[in-house]
Amino acid sequence: MPVDFMARALELAAQALGSTSPNPAVGAVVVKDGRIVGEGYTQPPGQAHAEVVALRQAGAHARGATLYVTLEPCSHHGRTPPCVAAIIEAGVREVRFSFVDPNPLVNGNGGRQLEAAGVRVTEGEGAKASRKLTEAYCKFITTRLPFVTAKFAASLDGKIAARGGDSRWITGEAARREAHRLRAMSDVVMVGVGTVLTDDPQLTARDAQDAPLPRQPLRVVVDSQGRTLPSARLLREPGAALVAHARAPQERLRALQTAGAELVEACGEDGRVDLRRLLTLLGERQVTSVLAEGGGALLGSLFDGGLVDKVAAFIAPVVIGGTGATPAVGGKGAETIAQALRLTGVEVRKVGLDVLISGYANRRE
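None of the values given here were measured: they were computed from a predicted structure. (Residues numbered from 1 in each chain as written. Predicted model: local features only at pLDDT ≥ 70, side-chain atom pairs only at ≥ 80, totals over all residues. Heavy atoms only, no water.)

1. Section: a nonpolar patch on the surface
Short version of the rule: Only residues whose relative accessible area exceeds 30% and that form no salt bridge enter a patch; like-charged residues are grouped when within 9 Å of one another, and nonpolar side chains (Val, Leu, Ile, Met, Phe, Trp, Tyr) when within 5 Å. All accessible-area figures derive from a Shrake-Rupley calculation using a 1.4 Å probe, and residue coverage is judged against the displayed protein chains alone. By definition here, a salt bridge exists when the distance from a side-chain nitrogen of Lys or Arg to a carboxyl oxygen of Asp or Glu is within 4 Å. Think of it in three bands: with a 1.4 Å probe and only protein chains considered, a residue is buried below 20% of the maximum accessible area for its type, exposed above 50%, and partly exposed in between.
Where nonpolar side chains cluster on the molecular surface, the patch consists of Val346, Val348 and Ile357 and spans about 240 Å² of accessible area. The class of Val348 is exposed, set by a relative accessible area of 61%.

In structure tokens:
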């Protein structure tokens, strides 16, 4: 059977997820005479892009070869020189990329420059899979806003805690491991202050041995009145923590700052944190992805504001019941079923004894 070289490039791109932001996770493979002579994926910011890593590995074998890459090669100077120049200098004969880079500084220029230099260019192979790998980058680079995923673990009847407040553990170990994988791929993990006061979470990304990973997402607490306790565990874990407030009392803010929290004010007209303003501020920091983990009040506000791009819902085969139990999503919600947010591109996957349902927000008007 013929080798699917783009599939290999996509595998490499997946390995870069969580380490390249604000750059996209890209994979590249150099093929000469039907075999791979070089491959690579995007390195952390300021280091080599996937194409350059693969070309360096290929060396002289790159001349006359075909380069498979999961995104159009860049044509501009950023933290590193343009990949197009490296491809042309290496003598590559053909470039096959998945889709055009939506970055306004590229947006087809990479392909045009390659063609002008006599390199054959084809587009479209592996586009669907590559777009999924780079969905956060694609939103950020065109809007300067982060891609927001609403993640929650709930019972069959949509509860995230029993009426007594107990919420550990609704889902099993496999689902919790998957949740840590989602954290590791995100720039920010966001929760509301209610979750912090009730559960005192660590909000770290951890490995299978429950040890913190070297790279940690920024932990963000939405806390209008600065009620987060200075002793909160999330302030003592590896990595950085930020408390977004709305003109909270100065004594509370000073205590949080002393405990190691960064403070950001994002006050809305209602005296609470303006989530759209907060996301704008995070975008200005080049945050491309936010994993919003709850609780129900925060998720409800995000959904009500039309700020959710994707949903990742872990559903456990458990029925909690009770009108006093906490729902996964609060807020105002839809007045009618016709106005309810319906997901598109839905995927359903079993994770241990639980089910992960994911899809994209597509609000009906």
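2. Comments concerning the pattern of salt bridges
Just so we agree on the cut-off: Strands here are runs of E lasting at least two residues and helices are runs of H or I lasting at least four, both read from the DSSP assignment and numbered beginning at the N terminus.
If you walk through the whole model with that rule in mind, you get 20 salt bridges. Between Lys310 and Glu135 there is a salt bridge, with its nearest N and O atoms 3.0 Å apart. Taken together, the positions of Lys310 in strand 13 (residues 310-315) and Glu135 in helix 6 (residues 135-143) put the pair 175 residues apart, joining distant regions of the chain. On the basis of relative accessibility, which here comes to 17%, the residue Glu135 falls in the buried class. Linking Arg181 and Glu178 is a salt bridge whose minimum nitrogen-to-oxygen distance equals 2.7 Å. Placement of the pair is Arg181 and Glu178 together in helix 7 (residues 173-184), with a separation of three residues, close to one helical turn. Owing to a relative accessible area of 40%, Arg181 belongs among the partly exposed residues under this scheme. Three or more residues joined by partner-sharing salt bridges are found here, namely Glu94, Arg96, Arg120 and Glu125.

3. Points about helix 2 (residues 50-58)
Note the following rule: Only heavy atoms enter the contact rule, under which two residues are in contact if any of them lie within 4.5 Å.
For helix 2, the set of buried residues is Ala50, Glu51, Val52, Ala54, Leu55 and Ala58. Against the buried residues of helix 2 lie strand 1 (27-32), strand 2 (35-41), strand 3 (66-69) and helix 3 (83-90). Note on helix 2: the residue one or two positions beyond its end, Gly59, has a positive phi of about 60°.

4. Thoughts on the state of the cysteines
Applied cut-off: By disulfide we mean two sulfur atoms from cysteines, separated by a distance within 2.5 Å.
For the structure shown, the criterion picks out zero disulfides. As a non-bridged cysteine, Cys74 has Cys83 as the owner of its nearest cysteine sulfur, 3.7 Å distant. By relative accessible area, which is 7% here, Cys74 ends up buried. For Cys83, a relative accessible area of 1% corresponds to the buried category.

5. Concerning unusual backbone geometry
Residues Ser21 and Pro22 are joined by a peptide bond in cis, for which omega reads 10°. Look at the link from Gly294 to Gly295: it is a cis peptide, with omega at 5°. As for its position among the elements, Gly295 is in the loop between strand 12 (289-292) and helix 11 (296-304). Residues other than glycine seldom take positive phi values, yet Asp33 does so here, at roughly 55°. Examined against the element boundaries, Asp33 turns out to sit in the loop between strand 1 and strand 2. Positioned with a positive phi, Asp210 is a non-glycine residue whose angle comes to about 70°.

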